Amino acid sequence: MAQMAPWAAVTVKRIGLSDLSIPNFHPVVLAGGRGTRFWPLSRKRRAKQLLPLNSPKSMIQETVERLEPFASSQRIWIITNDDLRTPILQQLPGLVANQVLAEPVGRNTAPAIGLAAFMLERIDPKAVIGMFPSDHVILDESSFRASVQSAAAIAAAGANIVVMGIRPTRPETGYGYIESGASSQRDALNVVRFTEKPGLDLARKFVGAGNYFWNSGMFVWGARTLADALREHLPNTAPILEQIASSYGSANFEATLAALYPRCENISIDYAVLEPRSRKGEGKSGIFCLPAGFGWNDLGSWTALFEHCKAKQPMLDNAIPAERQFVLDASGNFVHSNKFVAVVGVNNLVVVETEDALLITTLERAQDVGKVVAYLDGQNLTDLI
């Protein structure tokens, strides 16, 4: 028998776009990744989230615009790195500059979102945090808004963690999976466990089982809930983050961040909090999966971008954004170039040209483009990364 969740009595009011503000809601956008699988277009100082891959706006501009109905710019936070902070502020001049934080070194998602949690716990004890990657595509924004409202209501009602789950369409090995259990109220499901990036056989089993969802990387939780979870599950790193947070707003903040942040563990929020907390058992962990049907795509590679273009235009044979082009007996190709493009007698290729580099691969092998960046890093070819 399904247990009634502690937030079951919460009523989520469906309102118009002009009045969607959620009290005490603070979106935190994680924007520190390099997007290496989108090389050569994505570079260290012009990463994937700064590129206009889905529309004339960049990915991070789309993300922030999507979140603005819920919270004013004074309540939006960005966690990024030193290389990207300035271009992000240039693309998003309406944000509060000291709420665009640059990690001195990359330490994965647990310290990044954890720092925001400890800071917001001090600033607004009732704060509800929405954690959102900066580079995802959402096709149905109306459904997205309804999901965020529901998730925020659940998170505000107790020590609850809500993850937005995507029903899998294929046995994808590049995503984490959420095993769901009994249904709760408001369409949310109890979480049984998290599994990070399974092998192909296990992924097939998950898809066939019917009660597994892809982990979208979008979470909603109270700042205090997350801070307490980090104190419990990441006891060595939590005090460091608390010390950094206590200096926010002072003249010593940047120096404190630079000195202490590198001492944090390099660990994802999935491994740091979600997996150990889920082991408390279904209905006891306070973790809920909210199935989301808003047309999500993480655009993780050139292949994913090609498939996204096809989804938007099903009759599309090739994705070639060049203004002038010629195509003969060719299909399934993605070509990015500012030059005249002629594609003759080839299939399933990915060709991306920039001023200083040329990538040629196949749709099947586009996941390996990150290895090019690893090679360039190892050869210290900094002008190409």
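Structure: above.
Residues numbered from 1 in each chain as written. Predicted model: local features only at pLDDT ≥ 70, side-chain atom pairs only at ≥ 80, totals over all residues. Heavy atoms only, no water.

**Quick word on the overall build of the chain**
From N to C terminus, the chain includes 11 helices and 16 strands. Relative to its length of 385 residues, the chain is compact, with a C-alpha radius of gyration of 21 Å against a globular reference of 21 Å. Along the first, second and third principal axes, the C-alpha atoms of the chain reach 60 × 55 × 45 Å. Relative to its 385 residues, the chain shows a buried fraction of 54%. In the chain, of all internal contacts separated by at least 6 residues, the share reaching a separation of at least 24 is 68%. Entry remark: accessible area of the chain is about 17,400 Å², with carbon and sulfur atoms responsible for 49%. Across the chain, the 37 positively charged side chains and the 37 negatively charged ones have centroids separated by 4 Å. (Helix = DSSP H or I, 4+ residues; strand = E, 2+ residues; numbered from the N terminus. Rg over C-alpha atoms; globule rule 2.2 N^0.38 Å. Buried < 20%, exposed > 50% of the residue type's maximum accessible area, 1.4 Å probe, protein only. Contact = heavy atoms within 4.5 Å. Areas by Shrake-Rupley, 256 points an atom, 1.4 Å probe, with all protein chains shown as cover. Lys, Arg positive; Asp, Glu negative; His and termini not counted. Charge placed at Lys NZ, Arg CZ, Asp CG, Glu CD.)

**With respect to the environment of Asn215**
Mapped onto the secondary structure, Asn215 falls in strand 9 (residues 212-222). With 131 residues separating them along the chain, Asn215 and Val346 place their C-alpha atoms 35 Å apart. Residues in contact with Asn215, not counting those within four places in the same chain, are Val163, Gly176, Tyr177, Ile178, Phe194 and Asp270. There is a polar contact of 2.7 Å between the side chain of Asn215 and the side chain of Asp270. (Polar contact = N/O pair within 3.5 Å; in protein donor to acceptor, adjacent residues only side chain to side chain.)

**Quick look at the environment of Met119**
Its location among the elements puts Met119 in helix 3 (residues 109-123). On the accessibility criterion, Met119 (1% relative accessible area) is buried. Placed 122 residues apart in sequence, Met119 and Leu241 show a C-alpha to C-alpha distance of 8.7 Å. Apart from residues no more than four positions distant in its own chain, Met119 is found in contact with Trp77, Leu101, Ala245 and Tyr248.

**Focus on the packing of helix 3 against helix 7 (residues 238-246)**
Viewed as axis vectors pointing N to C, helix 3 and helix 7 meet at an angle of 50°, and their least axial separation amounts to 9 Å. Between helix 3 and helix 7, the interaxial angle falls into the category oblique. Seen along the crossing, helix 3 lies across helix 7 with a hand that is right-handed. Contacts between helix 3 and helix 7 involve Pro111, Gly114, Leu115, Phe118, Met119 and Arg122 from the first element and Ala238, Leu241, Glu242, Ile244, Ala245 and Ser246 from the second. For the contact of helix 3 with helix 7, the class distribution of residues is eight nonpolar, two polar and two charged. (Axes fitted to C-alpha atoms, helices over the stretch in contact; angles between N-to-C directions. Parallel < 35°, antiparallel > 145°, perpendicular 65-115°, else oblique. Left-handed = near helix turned anticlockwise from the far one by under 90°. Nonpolar A, V, L, I, M, F, W, Y, C, P; charged D, E, K, R; others polar.)

**Section: the sheet that holds strand 13 (residues 334-336)**
Spatial strand order, 13-15-16: three strands in an open sheet with mixed pairing. The outermost strands of the open sheet, each flanked by one partner alone, are strand 13 and strand 16 (358-362). Strand after strand, the sheet turns through a mean of 10° between neighbouring axes, direction not considered. As paired elements, strand 13 and strand 15 (residues 349-353) share three bridges and run parallel to each other. Bridging from a neighbouring strand, Val335 pairs with Val351 of strand 15. (Pairing = 2+ DSSP bridges.)

**Some points on the pattern of salt bridges**
Pairing between side chains becomes possible if they bear opposite charge and their charged atoms approach one another. On inspection of all chains with the given rule, the structure shows 17 salt bridges. The salt bridge partner of Asp135 is Lys48, with a shortest N-O separation of 3.3 Å. With a gap of 87 residues between them, Asp135 in the loop between strand 4 (128-133) and strand 5 (137-138) and Lys48 in the loop between strand 1 (25-30) and helix 1 (59-67) connect regions that are remote in the sequence. The residues Asp135 and Lys48 share a single accessibility class, namely buried. Because the salt bridges share partners, they merge into one network encompassing Glu121, Arg224, Asp228, Arg231 and Glu242. (Salt bridge = Lys/Arg side-chain N within 4 Å of Asp/Glu carboxyl O.)

**Comments concerning the environment of Asn108**
Locating Asn108 in the fold gives a position in the loop between strand 3 (100-103) and helix 3. Given a relative accessible area of 39%, Asn108 falls into the partly exposed group. Along the chain, Asn108 and Ile267 lie 159 residues apart, while their C-alpha atoms are 5.4 Å from each other. In this view, Asn108 contacts Glu103, Asn266, Ile267 and Ser268; residues no more than four positions away in its chain are not counted.

**A closer look at a nonpolar patch on the surface**
A surface patch of nonpolar side chains, about 380 Å² in accessible area, is lined by Phe326, Leu328, Phe340 and Val344. Following the sequence through the fold, Leu328 ends up in strand 12 (residues 325-328). With relative accessibility at 38%, the residue Leu328 sits in the partly exposed group. (Patch = residues over 30% accessible without salt bridge, like charges linked within 9 Å, V, L, I, M, F, W, Y side chains within 5 Å.)

**As for the nonpolar core**
Counting 49 residues, the largest nonpolar core has Val28, Trp221 and Ile269 as the members making the most contacts within it. Residue contributions to this core peak at nine residues, all from helix 3. If we skip the residues at most four places from it in the chain, Ile269 touches Thr109, Ala110, Ile113, Met131, Phe219, Trp221, Leu226, Leu230 and Leu274. In this structure, Ile22, Phe70, Leu84 and Met218 belong to the second largest nonpolar core, which totals 44 residues. (Core = buried A, V, L, I, M, F, W, Y, C linked by side-chain atoms within 4.5 Å.)

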